[in-house]
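Chain residues, written in single-letter form:
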Amino acid sequence: MSANNQLIISLVVFFTIADTILAILHQKDITLYLVFNIVLFIILALYFKMNPRATIIMRALSYLFFVAFAIIAAFKIINLL
């Protein structure tokens, strides 16, 4: 099985487990789901070695998701102040 397929399967499995755990814990804040999934994506994307083209796409997605994570964190901090 190629690294790309392994990554997709791993993402599906880990996202499902994480979202199920959050749902069991009765979390209703959608940003918590989003942040948790972004962190999982970045960790898994860094773990798998892929061909150069897929690596470029995964890095671009990782940067995009990191920016989204930073924006969500900034809004949460602003709301606390």
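These figures come from a predicted structure and were not determined experimentally. (Residues numbered from 1 in each chain as written. Predicted model: local features only at pLDDT ≥ 70, side-chain atom pairs only at ≥ 80, totals over all residues. Heavy atoms only, no water.)

Contact pair helix α1 (residues 3-24) / helix α2 (residues 30-47): the axes reach a minimum separation of 10 Å and the direction vectors enclose 150 degrees. As summarised for this structure, α1 and α2 are arranged roughly antiparallel, according to the angle between their axes. Of the two elements, α1 crosses α2, and the hand of that crossing is right-handed. Here α1 contributes L7, S10, L11, F14, F15, A18, D19, L22 and A23 to the contact with α2, which in turn contributes L32, Y33, F36, N37, L40, F41, L44 and A45. When its residues are assigned to classes, the contact of α1 with α2 shows 14 nonpolar, two polar and one charged. (Axes fitted to C-alpha atoms, helices over the stretch in contact; angles between N-to-C directions. Helix = DSSP H or I, 4+ residues; strand = E, 2+ residues; numbered from the N terminus. Parallel < 35°, antiparallel > 145°, perpendicular 65-115°, else oblique. Left-handed = near helix turned anticlockwise from the far one by under 90°. Contact = heavy atoms within 4.5 Å. Nonpolar A, V, L, I, M, F, W, Y, C, P; charged D, E, K, R; others polar.)

Attention now goes to the packing of aromatic side chains. Applying the stated criterion to the full structure yields three aromatic pairs. Seen in terms of ring centroids, F41 and F65 are 4.9 Å apart; in terms of plane orientation they differ by 90 degrees. Their pairing is edge-to-face. Highlighted residues: F41 in helix α2 and F65 in helix α3 (residues 52-80), separated in sequence by 24 residues. By relative accessible area, F41 is classed as buried at 6%. With relative accessibility at 27%, the residue F65 sits in the partly exposed group. Ring plane angle 35 degrees and centroid distance 6.4 Å describe the contact between F66 and F69, whose orientation is recorded as tilted. You can see F66 and its partner F69 sitting in helix α3, three residues apart, about one turn around the helix. (Phe/Tyr/Trp six-rings, centres within 6.5 Å; stacked < 30°, edge-to-face > 60°. Buried < 20%, exposed > 50% of the residue type's maximum accessible area, 1.4 Å probe, protein only.)

Any link to function would need more than the numbers given here.
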